[in-house]
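One-letter residues, chain by chain:
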Amino acid sequence: MSKLAIFGGDPVKHKPFPGWPVVSKRDEAAIERAFLSGKLCRGEAASALERRLEERTGTRHAVLVSSGTLALELILRGLGIGYGDEVILPPYTFVATLSAILFVGATPVFADIDTETYNICPASAESKVTQKTRAIIAVAVGGCPPSIDRLSELASRKGIHLIIDAAQAIGAKWRGVDIGAYGTAAAFSCQNTKNLTSGEGGIITTNDDALYENIRAMLEGRHEKYFIESCMTELQAAVLTSQLEKLDGEIVTRERMAAYLDARLHGLPFVRPLMREKEVTVNAYHLYIMRFDSDALTDKGLSRDIMLRAVAAEGVPLSAGYLPLYSFPFIKTEAVRRMIGGDIDDSPLKNAEKAGYYEGAWLFQSVLLADYEDMDDIARALIKVWENAGELAARSRKEER
Amino acid sequence: MSLELLKEVLHSGIWGTIGPYSQKAAEALASHMGAKHCLMLYSGSMALEIALCALGVCQGDVVLVPASAEKIVRLSPNLAGAKPIECGGEKTGPTDIKAALVAEPLIKCVVLDANVVSGLEETSRLLSSRGVPLIIWAGGQVFSGAGRTLTKFCDFAVYTFSEGSDIYAGCGGALLTDEPRLFHIAYALHNCGRTLGEEASVFVDKAVGGNLRITEWQAAIIYSGLKNQSKE
């Protein structure tokens, strides 16, 4: 048994994982072309990319905007959702899903997540529907599509909108169809860490002509109520177009490496990858999410966070994921109360608590652009830490005292 | 100069999320305008929205705007859930504001357009004495017109870098203020609730905020424009 790196031993991994974003000569040429065109907004690069994204996602409309958060906000405003309306969302997501709802003045209502997938649980979402509910925002956490069939059926039966927060899910597919084609609309993010990036940026896809027209009107100053300057600049569109060339190849690599890592983790008594529903034909893997078994860890006197520190010391950048959004102190502030004209229900939800505080752990997407040997190192680091559980627990107890 | 900076941005791999050029552009603009704080945003309309939210404007509030202001100014209160009330004619001056304050005593905030305002100093004194915050939209007048030193008269001065502006970055906005408290609130509001120094965290639990950040592409162009002007 080798000494843990956290106690001064030799780490499993010495070589760093691939960085992000990956830059090529093609990107440089794209930037130069866009800049020299002199038209830095509403030009050819953006409109050509929109047409290409429509084709790629199989939707009638794609709109390039400034961020994934703004994409969600524009969808909500475009559907007329605002003050007095309720929008259901999962608590296990980035804060942007919540802030988009707050910025339009609607009331967020949290539904629990599925313990196996960490995506919104359709049964929990259904239990939260009231007369005031206008939409469910289903997040594709880590890039893996949520239960689209059940959520679509629920939304249709209740006469509410299903909005897909696909911020992390560019290229993901459900039943062979791009995730952007589901629901009333979908919102993607092109922020700096995302699998398709232009630094900041967002994409809206929809088959709803009226919604599309509303969004365009808001962006172009033709709307009677809102003028939102949020069109994506030509420089961003040019970089995205160039980066798009390599997206499909990277998706294949990420899926291949994730499958290999799944197999390497198979059978370990303390950790396992998230489940993927059988209808998920492509997982975009913005994150590789694994679940620690909190009972197994407790039996050894360990916690997820102690494990994460020890694994990180072995050279594997495994991090704790989201904390449940309802636990964030700001949702109880007077500022938020005034924004929505009331309180947000912050009752704890069992599966979100478990994922957020005790079990969830992530690897970032660029880790999956490494090779098989790197995946072996990830598994080796986890196993090494587990094999040293006794010493790790003893030292942690001592430190706590 | 801009193209070289854009290539530098490309190869740095930092294309957004408040990189070095966002900070350099903010510092250069604050210095050029004689303001204490500057926040760069994705667009002028977003700068207006953040200014209103930072001043606590929200659902049900009434905001005064000039009738002859640009549409972006006249509609801006809607973004914060507030109701815009128009006043003034071709130009809006202290008499118009005074009359509006009598007609609508619950006015939460005033947004003026620097291009259609008269008697700014007097208006500023009037609003200050009534405790009503003031936002001034300077449009694209970074080097020309009434753009400079506006923060002396208001809580926030707002600039745009869209087509027709003194510096054209495709899109872009800036929020200037002399009030550190307002700057910190606006910063969190535009950066997903992160306070200064929390840029890398995914746990954003202290303040509410959306993503209205400027890109490094836009910021590099604006920084280059400001530097070129200062050389001239």
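You'll find the structure just up there.
Structure report, in brief. (Residues numbered from 1 in each chain as written. Chains lettered and ligands numbered in written order. Predicted model: local features only at pLDDT ≥ 70, side-chain atom pairs only at ≥ 80, totals over all residues. Heavy atoms only, no water.)

## Quick look at the overall build of chain B
What counts is decided by this rule: In DSSP terms, a helix is any run of H or I states spanning at least four residues, a strand is any run of E spanning at least two, and both are numbered starting from the N terminus. For the radius of gyration, the atom set is restricted to C-alpha positions; the globular benchmark scales as 2.2 Å times the number of residues to the power 0.38. Think of it in three bands: with a 1.4 Å probe and only protein chains considered, a residue is buried below 20% of the maximum accessible area for its type, exposed above 50%, and partly exposed in between. By the convention used here, residues are in contact when the closest approach between their heavy atoms is within 4.5 Å. Method for areas: the Shrake-Rupley scheme with a 1.4 Å probe, in which residue coverage is limited to the protein chains shown. Residues scored as positive are Lys and Arg, those scored as negative are Asp and Glu, and His as well as the terminal groups of each chain are ignored. For the purpose of locating charges, the reference atoms are NZ of Lys, CZ of Arg, CG of Asp and CD of Glu.
Looking only at helices and strands, chain B features 9 helices and 7 strands. At 17 Å, chain B has a C-alpha radius of gyration in line with the 17 Å of a compact globule built from 232 residues. Burial statistics for chain B: of 232 residues in total, 63% are counted as buried. Nonlocal contacts in chain B, meaning residues at least 24 apart in sequence, comprise 60% of its contacts between residues at least 6 apart. Total accessible area computed for chain B in this model is approximately 8,200 Å², and 51% of it derives from carbon and sulfur atoms. On chain B, the mean spot of the 19 positive side-chain charges and the mean spot of the 23 negative ones are 2 Å from each other.

## Re the nonpolar core
For the record, the criterion: The term nonpolar core refers to a set of buried residues drawn from Ala, Val, Leu, Ile, Met, Phe, Trp, Tyr and Cys, joined through side-chain atoms within 4.5 Å. Boundary definitions for the domains trace back to an automatic or database domain assignment.
Core analysis: the biggest nonpolar cluster contains 144 residues, and Ile135 and Leu175 of chain B have the highest contact counts within it. A total of 8 residues in this core trace back to one element, the largest contributor, which is helix H3 (residues 44-54) of chain B. Residue contributions to this core reach at least three from each of two domains, namely domain 1 (25-243) and domain 2 (247-400) of chain A. Core analysis: the second largest hydrophobic core is formed by 59 residues, Ala34 of chain A together with Cys38, Val110 and Ala220 of chain B among them.

## Focus on the interface of chain A and chain B
The line we're drawing: The quantity reported as buried area is the accessible area (1.4 Å probe) lost by two parts once they are put together, taken as the sum for both. Each reported salt bridge corresponds to a side-chain nitrogen of Lys or Arg within 4 Å of a carboxyl oxygen of Asp or Glu. Between N or O atoms, a polar contact is any pair within 3.5 Å; within protein, one atom must be a potential hydrogen donor and the other a potential acceptor, and residues adjacent in sequence are included only when both atoms are from side chains.
Listed as interface residues are 57 residues of chain A and, on the opposing side, 54 residues of chain B. Considering only the surface of chain A that becomes buried against chain B, Phe103, Glu200 and Glu229 of chain A emerge as the three largest contributors, covering 16% of it. One can count 6 salt bridges joining chain A with chain B. One salt bridge connects Arg213 of chain B with Glu200 of chain A, and the closest N-O pair in it is separated by 2.8 Å. Summed over the shared surface of chain A and chain B, the result is 26 residue pairs in polar contact (both at pLDDT 80 or more). When contributions to the side of chain A that touches chain B are tallied by element, the ones reaching two or more residues are helix H1 (25-36), helix H3 (68-78), helix H4 (95-103), helix H8 (234-265) and helix H11 (334-340) of chain A. Counting residues per element, the side of chain A that touches chain B draws most heavily on H1 of chain A, which supplies 6 residues.

## Comments concerning the pairing of strand E5 (residues 161-165) of chain A
Residues and elements named next belong to chain A. Heads up, the rule is: When DSSP finds two or more bridges between two strands, those strands count as paired. Here a crossover is taken to be right-handed if, once the strands point away from the viewer, the path from the first strand over the helix to the second is traced clockwise.
Burial runs high along E5: 4 of the 5 residues are buried. For strand E4 (residues 133-139) and E5, the ladder comprises 5 bridges, and the chain directions are parallel. Of the residues in E5, the one forming a bridge with Ile137 is Ile163. In this fold, the crossover linking E4 to E5 by way of helix H6 (residues 148-158) has right-handed handedness. Examined bridge by bridge, E5 and strand E8 (residues 185-189) share 3 bridges and lie parallel to one another. Paired with Asp165 across the bridge in E8 is Ala187.

## Here's the deal with the environment of Ser165 of chain B
Residues and elements named next belong to chain B. As for its position among the elements, Ser165 is in the loop between strand E6 (156-160) and strand E7 (173-177). According to the relative accessible area criterion, Ser165 is buried, its value standing at 12%. In this structure the C-alpha to C-alpha distance between Ser165 and Ala35, which are 130 residues apart in sequence, comes to 20 Å. Ser165 has contacts with Gly140 and Thr160, leaving out every residue within four places of it along the chain.

## Things to note about the side chain of Asp27 of chain A
As for its placement among the helices and strands, Asp27 of chain A is situated in helix H1. Buried charged residue Asp27 of chain A carries no salt bridge. Nearest counter-charge: Arg26 of chain A, at 5.0 Å. Sequence-distant contacts of Asp27 of chain A, defined by excluding residues within four places in its chain, comprise Val22, Val239, Ser242 and Gln243 of chain A together with Leu10 of chain B.

## Focus: H4 of chain A
Residues and elements named next belong to chain A. With 9 of its 9 residues buried, H4 lies for the most part within the structure. Along H4, the residues that are buried comprise Val95, Ala96, Thr97, Leu98, Ser99, Ala100, Ile101, Leu102 and Phe103. Positive backbone phi, approximately 90 degrees, marks Gly105, located one or two places after H4.

## Some details on the pattern of salt bridges
Side chains that differ in sign of charge can pair as their charged atoms come close. Residues and elements named next belong to chain A. Per the counting criterion, the structure on display carries 40 salt bridges over all chains. One salt bridge in this structure joins Asp209 and Arg60, with 3.0 Å as the shortest N-O distance. Of the two residues, Asp209 sits in helix H7 (residues 209-220) while Arg60 sits in the loop between helix H2 (44-57) and strand E1 (61-65), which places them 149 residues apart along the sequence. Residue classification places Asp209 among the partly exposed residues on the basis of a relative accessible area of 42%. Between Glu116 and Arg272 there is a salt bridge, and its shortest N-O distance comes to 3.6 Å. Taken together, the positions of Glu116 in the loop between strand E3 (107-110) and helix H5 (122-127) and Arg272 in strand E10 (residues 271-273) put the pair 156 residues apart, joining distant regions of the chain. Look at Glu116 and you get partly exposed, because its relative accessible area is 25%. Look at the salt bridges and you will find they share partners, linking Lys13, Lys15, Asp371, Asp374, Asp377 and Arg380 into a network.

## Some thoughts on the sheet that holds strand E11 (residues 280-282) of chain A
All names here are of chain A. Reading across the sheet, the 3 strands line up as E7-E6-E11 and stay open at both edges, with antiparallel pairing between neighbours. Edge strands, defined here as strands with exactly one partner in the open sheet, are strand E7 (177-178) and E11. Here strand E6 (residues 173-174) pairs with E11 via 2 bridges, running antiparallel. Across the sheet, Lys173 pairs through a bridge with Val282, a residue of E11.

## Side note on the sheet that holds E3 of chain A
All names here are of chain A. Rules: For every element, the axis is a line fit to its C-alpha atoms; helices are fit only across the contacting stretch, and the angle between N-to-C directions ranges from 0 to 180 degrees.
Across the sheet, which stays open at both edges, the 7 strands sit in the order E1-E9-E8-E5-E4-E2-E3 with mixed pairing between neighbours. Unpaired on one side and paired on the other, E1 and E3 mark the two borders of the sheet. Recorded for the sheet is a direction-independent mean angle of 20 degrees between the axes of neighbouring strands. The sheet contact formed by E8 and strand E9 (residues 202-206) spans 5 bridges and is antiparallel. If you follow Ala186 over to E9, its bridge partner there is Thr205. Across the sheet, H2 lies against E1 and E9, angled at about 135 degrees from E1, the strand it touches most.

## A word on the packing of aromatic side chains
All names here are of chain A. Where we set the bar: Side-chain rings of Phe, Tyr and Trp, where Trp is taken by its six-membered ring, are said to pair if the distance between their centres is within 6.5 Å; with planes under 30 degrees apart they count as stacked, over 60 as edge-to-face, and otherwise as tilted. For a Lys NZ or an Arg CZ to count as sitting over a ring, it must be within 6 Å of the ring centre and within 35 degrees of the ring normal.
A full pass over the atoms with the stated rule returns 13 aromatic pairs over all chains. Geometrically, the ring pair formed by Phe270 and Trp386 is stacked, given 4.4 Å between the ring centres and 10 degrees between the ring planes. Of this pair, Phe270 sits in the loop between H8 and E10 while Trp386 is found in helix H13 (residues 372-387), placing the two residues 116 residues apart along the sequence. Given the relative accessible area of 1%, Phe270 is considered buried. Take Trp386: its relative accessible area is 15%, and that puts it in the buried class. Between the aromatic rings of Phe328 and Phe330, the centroid separation amounts to 6.3 Å while the plane-to-plane angle is 65 degrees, which identifies the pairing as edge-to-face. Looking at Phe328, the relative accessible area reads 4%, which means it is buried. Here a set of aromatic residues connected by ring pairs shows up, and it is made of Tyr92, Tyr118, Tyr322 and Trp362. Sitting over the face of the ring of Phe17, Lys13 holds its NZ or CZ atom 4.6 Å from the ring centroid. Over the ring of Phe7 we find Arg395, and its NZ or CZ is 4.0 Å from the ring centre.

The quantities given are spatial measurements derived from coordinates; they are silent on function.
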